Each structure stands twice: as C-alpha cells, then as structure tokens.
Amino acid sequence: MDLFYRSTRSNSDGVKASQAILKGLAEDGGLYMPESIPCLDKSLKEFAEMTYQETAYEIMKLFLTDFTEAELKDCISKAYDSKFDTKQIAPIVEKDNTYFLELFHGATIAFKDMALSILPHLLITSAKKNNVKNEIVILTATSGDTGKAALAGFADVKGTRIIVFYPKNGVSPIQEKQMITQKGENTFVVGITGNFDDAQTGVKQLFGDRALAETMDQAGFQFSSANSINIGRLVPQIVYYVYSYAQLLKTGNIENGEKINIVVPTGNFGNILAAYFAKHMGVPIAKLICASNENKVLYDFFDTGIYDRNRAFVLTSSPSMDILISSNLERLIYLTAGADANRNVEFMKALAAEGKYEISADMRENMKDFYGNYASEQETADTIKTLFEKTGYIIDTHTAVAAAVLSKYKKETNDKTKTVLASTASPFKFTRSVMNAIDTKYDAMEDFALVDELSKIAKVKVPKAIEEIRTAPVLHNTICDKEDMKSVVMKFLGV
Ligand SMILES: *Cc1c(COP(=O)(O)O)cnc(C)c1O
C-alpha cells in the first residue's frame, strides 16, 4: 500500500511520494508530511551488517513507496558512489567521549551532500513516473552550503536547470568561491543584497506566483525546490541516523537496545527533524539536542514555547545556521498539534503576520524529546581550540556549536548517555574562523595559505573540493536586489 503525503496546511487529498518530491512545497504553502511515520521492518542487528547504500534502500523504500526497487536502487547507486571520499559514506570518529558522525565526505564537504547527491535522481525519476514533459527548474535560497551542494548535484543533469540565490555578504569566502565557480550549462548563481531570510522569502514568493507558473508552463518549464522542505531531502537524511546507530552496535560501542542521544547543529530544522523521524521509526534515541548559534530562536522556543523571529539577525561564524525562520519546524508543529492542519495554519498565519506564535501546553509536552540550547561565538571558538589541544581533532564552526551545546547539556543534566554528534561541515570549508579560533596569529595569512596550514596541523589532506577552487575561474557574477529576483529568473530562462 502506498504511503500518502499531506500538506501541513490543509486537509486536502494526499499525494504519492513522487508527486510530493516534484512539487516540493504544497500548493497551499504547506509542507508535505507522510500520513504516518513507518516503522523499521528490519532489526538494528540486521542493519549493523548493511552498507550505507543497503541501509539507504531499506529506509527509503518505506517512505517512497511508489518507487520500484530498481528505481530506488538506481538512484542510490548514482548518489552514494566515488563522489564520496570514503566507502563508509558517513564515518564515525570517536573523540573526547563523543561520536562525531562525519557527514562531510561528499562532493562539497558539507552535510547537504548527503541528501543533495540523491535528490536530482529522485526528481528525474519522479518526473518520468508522472509523465512530466516540462524542464524542471530548481529554485533555491541558500545560506551557503545548500547552494553549492545543489549546484553540484544538478549540474548538467538532463532535463533540469538550477538557479541559486545567496546573501551576497552572508556566506564565507570559500562558500562564495565554491558557488560562483560552478560549471554546467544549466546552472545560474545570483548574490542578493539581503540576508538568507530575504532570499528564502523571495524564493517562496516565486513558488507562490500563479501567473509566473503559467508563463513558465507555456515556455516548457516548471519550478521545483531543492530546499530542505522537500521530502526528497528529508528522507535520505534519516538514513545516516539509522546507519550510525547500527555501526555503533556493530563495533560494540553500544549494546543492542541501548539509548543514545543525538546533538545536531540546527538552522532550518531539517537535519534534526530527520533524527526525530529515525527515533519514531524505532531507533533507540533518548534526547534530541538542538544546538543553535547566537540566532537562538529555537533555544528560546524550546525554553518558553514562544517562537519569535522579531529580533536582530546576527552574522556568525556558522553562517549555515544564521536563520530566524526554521522552515522545517512547521512539520514538528503540525505533528505535535496532533497532525491537525487547521491548528498549524493558525500558528503559521501568526508567524507571517506578527513574526511570532505561542504553542499550547499539550504541544510542549509532545516536544519533550527535544532539548535546546545555544553557543555564543566565544564558546564556539573555545570549543574548537580546546578539542584540538586535547585530541588533535579539528572541527568546523557548525560542528563546534553542537559540541559546545553538548557540554552545556552534560553539565546541566549530568546525563551520561552516549552521544552521536552530527558533524555537518569539514573544517576546510570554514578555514579562517576555525584557524582563528585556534590562534589569532593565523589571521594574517591569506585564504589558501591558511588551508595548507590547517592541513598541516590537523594532519588531514586538503579535500578535493577545496583543491578544485584554488585556481577555478569565476563564472557567475550576477548581483540583484531582493525585489528583482523574479525578473532575474525570467531573464535567465528567456521567458
Ligand atoms: C545546513 C547546515 C546546517 C543546518 O542544518 P538544518 O537542516 O538547516 O538545520 C548546519 N551545519 C551546516 C554546515 C549546514 O550546511
């Protein structure tokens, strides 16, 4: 029987997985949710014997029920191949009593690769299944990492084009260089004069523009989203949580059935939501620790039950988490409100109108799985330095936010539960912030000299993704105001 997906904002009929992937966002502006979260149909001991690819198949088949076995396996084998620099795909490194789940071994050395290397294949397959003739235009707002990972995933994939908007002054120099050097006839990268939320709001408006959709359709195009709201991103992210538990079981680090905690550096709430799904599928997870940087909307939310985006936007050294509206939180709101679209709509209306809403006591009770906290810039830097001095292991700024929050959590609760920490980026992606945290003397060095120095002190080879951009020419230099996003899109498509 097929699993259907419903919008979080209306009680309209459900759609199949392939249709939800094609649409990205539901027509009413809501996010697609499966009617129920499926349970694992194999034991974790069986998972312990599986490769990453086999695990991916076992998880994804439960969600993407209208894909055939051959289709899914084809997508998986195209995604998780030699683009990753390790056969394990997502290896676990134990340091300082924490299991760092390294999600940065893909093409762009950040965790977005885990889902974005498979999304193009899921999308093309979905288009075929639904007899879509239009060319698919991926429209994405990025706070840094999604953009490059999406560009890398979609570049020169037949039947697709991709347009990426990023905040011109809100990403790291290496992140920007990665994007504006992107090859591929079907790629288009635009810097906007605004922050990530402006970019995301602009993209949402384009998706909601019916007249534009009509014009596009006549010209043989249709939009789709590669943002983390697409279930084609959410589902592949569940895989590594199951895989990490099974690997710890296999290596004897945990007993069968032993509960673990998971800590995730959080921005749009997609990655940690995948961990929540894993828990509800049957992985023994106790706490889901939601780590924020100084944009601590989520910490305040878990602390008070009030979501309030009315505050100054802070540019931090973990830019992929500089977010005031965490889109995927809507899915948790919907679930904890009893899968009640009408209740969810009221909150989302309040968020749009006043920038805030308050959830009820019963909903807070339903969120007990979560613990939220945040790390200041200083705490983040101190964490990088301390861990390096203690173990020689160097983590990036986002991962460090999670590590800092984990130590706060342990101090506060004295909880000794073994913990998996989602390491979301390679330190080479945020070299300057990372090296400055270790010693301010590094600030005098130029970007690529710093990269070499990091490689030396960490005793880690410079990743291919960084080597490639050292000398790559800039191929994209469009900059626009947030009001002009629509005309830029139309011009690129020639409509
Ligand atoms: C995107 C990203 C995050 C935040 O993940 P969400 O799923 O948006 O919560 C954290 N760290 C890095 C490096 C990222 O690229």
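So, how was this worked out
Residues numbered from 1 in each chain as written. Predicted model: local features only at pLDDT ≥ 70, side-chain atom pairs only at ≥ 80, totals over all residues. Heavy atoms only, no water. Helix = DSSP H or I, 4+ residues; strand = E, 2+ residues; numbered from the N terminus. Rg over C-alpha atoms; globule rule 2.2 N^0.38 Å. Buried < 20%, exposed > 50% of the residue type's maximum accessible area, 1.4 Å probe, protein only. Contact = heavy atoms within 4.5 Å. Areas by Shrake-Rupley, 256 points an atom, 1.4 Å probe, with all protein chains shown as cover. Phe/Tyr/Trp six-rings, centres within 6.5 Å; stacked < 30°, edge-to-face > 60°. Lys NZ or Arg CZ within 6 Å of the ring centre and 35° of its normal. Pairing = 2+ DSSP bridges. Near = heavy atom within 4 Å. Polar contact = N/O pair within 3.5 Å; in protein donor to acceptor, adjacent residues only side chain to side chain. Nonpolar A, V, L, I, M, F, W, Y, C, P; charged D, E, K, R; others polar. Core = buried A, V, L, I, M, F, W, Y, C linked by side-chain atoms within 4.5 Å. Axes fitted to C-alpha atoms, helices over the stretch in contact; angles between N-to-C directions.

**Q** I'd like a rundown of the overall build of the protein chain, residues and numbers included.
**A** Each helix and strand counted, the protein chain has 22 helices and 15 strands in total. The C-alpha radius of gyration of the protein chain comes to 21 Å, within 12% of the 23 Å expected for a compact globule of 495 residues. Along the first, second and third principal axes, the C-alpha atoms of the protein chain reach 60 × 50 × 45 Å. By the burial criterion, 60% of the 495 residues in the protein chain qualify as buried. Summarising the internal contacts of the protein chain: among those between residues at least 6 apart in sequence, 75% fall at separations of at least 24. When the accessible surface of the protein chain is totalled, it reaches about 19200 Å², and 49% of it is carbon and sulfur.

**Q** How would you sum up the packing of aromatic side chains? Please name residues and give values.
**A** Scanning the entire structure with this criterion turns up 19 aromatic pairs. Centroid distance Phe 301 to Tyr 357: 6.4 Å. Interplanar angle 70°. Geometry classified as edge-to-face. Pair noted here: Phe 301 is in helix H13 (residues 297–304) and Tyr 357 is in strand S12 (residues 356–358), with a separation of 56 residues, a long-range link. Residue Phe 301 is classed as buried on the basis of its relative accessible area, which comes to 1%. The ring of Tyr 57 is capped by Lys 73, whose NZ or CZ atom sits 4.6 Å from the centre of that ring.

**Q** Summarise the pairing of strand S8 (residues 221–225); cite the residues concerned and give the values.
**A** Consecutive side chains of a regular strand alternate in pointing toward one face of the sheet and then the other. Buried residues dominate S8, accounting for four of its five residues. In this sheet, S8 lies alongside strand S5 (residues 135–141) in parallel orientation, the contact comprising five bridges. Bridge pairing links Val 137 to Phe 223 in S8.

**Q** Now, about the site of the ligand: what can you tell me, with residues and values included?
**A** Neighbouring the ligand are 15 residues; Lys 112, Asp 145, Gly 267, Asn 268 and Thr 424 lie closest to it. With respect to the ligand, the side chain of Thr 424 contributes an N or O atom lying 2.8 Å from a nitrogen atom. In the complex, the protein chains occlude 98% of the 380 Å² of accessible area that the ligand would expose alone. When the residues that make up the shell around the ligand are grouped by side-chain class, the tally is five nonpolar, eight polar and two charged.

**Q** I'd like a rundown of the nonpolar core, residues and numbers included.
**A** Counting 111 residues, the largest nonpolar core has Tyr 5, Met 60, Phe 63, Leu 64, Phe 269, Ile 333 and Tyr 357 as its most contacted members. Considering each element in turn, this core owes the most residues, 13 residues, to helix H11 (residues 231–250). Tyr 357 has contacts with Phe 301, Gly 305, Ile 306, Tyr 307, Leu 329, Ile 333, Phe 347, Met 348, Ala 350 and Leu 351, leaving out every residue within four places of it along the chain. Listed in part, the 43 residues of the second largest apolar core include Ile 395, Ala 402, Met 435 and Val 451.

**Q** Account for the sheet that holds strand S3 (residues 92–95), with residues named and values stated.
**A** Sheet strands associate in pairs through backbone hydrogen bonding, adopting either a parallel or an antiparallel arrangement. Overall, mixed pairing links the six strands, which are arranged S3-S4-S14-S9-S10-S13 in an open sheet. If you trace the sheet from one side to the other, it starts and ends with S3 and strand S13 (370–374), each paired once. The sheet shows a mean angle of 25° between the axes of neighbouring strands, direction not considered. Pairing analysis gives five bridges linking strand S10 (residues 285–292) to S13, with the strands arranged parallel. Counted as the bridge partner of Ile 289 is Tyr 371 from S13.

**Q** Give me the sheet that holds strand S7 (residues 187–193): which residues, what numbers.
**A** Reading across the sheet, the five strands line up as S8-S5-S6-S7-S15 and stay open at both edges, with parallel pairing between neighbours. What marks the edges here is a single partner per strand, and that holds for S8 and strand S15 (478–481). Adjacent strand axes in the sheet meet at a mean angle of 30° when their direction is disregarded. On top of the sheet, helix H10 (residues 210–218) reaches S5 and S8; it is set at about 125° to S8, its chief contact.

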